[in-house]
Amino acid sequence: MDCPVCKDNAMVTLELNEVEIDYCMQCEGIWLDAGELEMLLGEQQKARELINSFKIDSDNPEDLRKCPICDKKMQKIVIDSDGPKLLIDRCGKGDGLWFDKGELHDIVEKAKLDENNKIKTLLKDMFNNEAKQ
């Protein structure tokens, strides 16, 4: 699967908390197939509340990226939360979610879904203690 940002750069598949994620080694973005965010977060009710808070941001000036699965343009999604606006890409057909570098970490932190820091620790370990994912 090619990265939606780097285009012709193939992503590598990694396992994070028994969830396979696709990772671009060039731009450090993460692709989660449909349902994988919920699996990663673990707390189904809180994860569902977070996902239900996603709203399409049709006013965003960023270019729309293509889904690495269906090749259709993805939607820009704003995460409903206090503080700075969080923006991610979501396949309109429901194939999955794209997180630029640091966005997955930011969403997990803002949603307060990682009280024991399990996900943040896994991300840190997986990416060799580099900058937040």
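As the structure is a prediction and not an experimental result, all values here were calculated from the model.

## What about the side chain of lysine 76?
Step number 1: Within the element layout of this structure, lysine 76 appears in strand E5 (residues 75-79).
Step number 2: Separated by 2.9 Å, the side chains of lysine 76 and glutamate 62 make a polar contact.
Step number 3: Beyond its immediate sequence surroundings of up to four residues, lysine 76 is in contact with Lys55, Ile56, Asp57, Asn60, Glu62, Asp63, Leu64, Arg65, Leu87, Ile88 and Asp89.

## Some details on the pattern of salt bridges
Any two side chains of opposite charge can pair, so long as their charged atoms come close to each other.
Step number 1: Overall, the coordinates contain five salt bridges when judged by the stated rule.
Step number 2: The salt bridge partner of glutamate 28 is lysine 101, with a shortest N-O separation of 3.3 Å. Remark: lysine 101 occurs in the loop between strand E7 (96-99) and helix H3 (103-111) and glutamate 28 occurs in the loop between strand E2 (19-23) and strand E3 (30-33); sequence separation between them is 73 residues.
Step number 3: Classification of lysine 101 as partly exposed rests on a relative accessible area of 40%.
Step number 4: Between lysine 76 and glutamate 62 there is a salt bridge, with the nearest N and O atoms lying 2.9 Å from each other.

## Concerning helix H2 (residues 44-52)
Step number 1: Within the sequence span of H2, burial applies to Ala47, Leu50 and Ile51. Viewed end-on, H2 has its buried residues packed into an arc of 95°, placing them on one side of the element. Looking at H2, the residues exposed on the side facing more than 90 degrees away from the buried face are Gln45 and Asn52.

## A closer look at the sheet that holds E3
Step number 1: The seven strands are arranged E1-E2-E3-E7-E6-E5-E4 in an open sheet whose pairing can be described as antiparallel. Two strands in the sheet have a free side with no partner beyond their single neighbour: strand E1 (12-16) and strand E4 (54-56). Each strand of the sheet is rotated relative to its neighbour by a mean of 35°, with strand direction disregarded.
Step number 2: Two strands pair when backbone bridges link them, and E3 and E7 are joined in this way by four bridges, in the antiparallel orientation. When the sheet's bridge partners are listed, leucine 32 is paired in E7 with leucine 97.

Calculation rules
Residues numbered from 1 in each chain as written. Predicted model: local features only at pLDDT ≥ 70, side-chain atom pairs only at ≥ 80, totals over all residues. Heavy atoms only, no water. Helix = DSSP H or I, 4+ residues; strand = E, 2+ residues; numbered from the N terminus. Polar contact = N/O pair within 3.5 Å; in protein donor to acceptor, adjacent residues only side chain to side chain. Contact = heavy atoms within 4.5 Å. Salt bridge = Lys/Arg side-chain N within 4 Å of Asp/Glu carboxyl O. Buried < 20%, exposed > 50% of the residue type's maximum accessible area, 1.4 Å probe, protein only. Arc of directions from axis to C-beta. Pairing = 2+ DSSP bridges. Axes fitted to C-alpha atoms, helices over the stretch in contact; angles between N-to-C directions.

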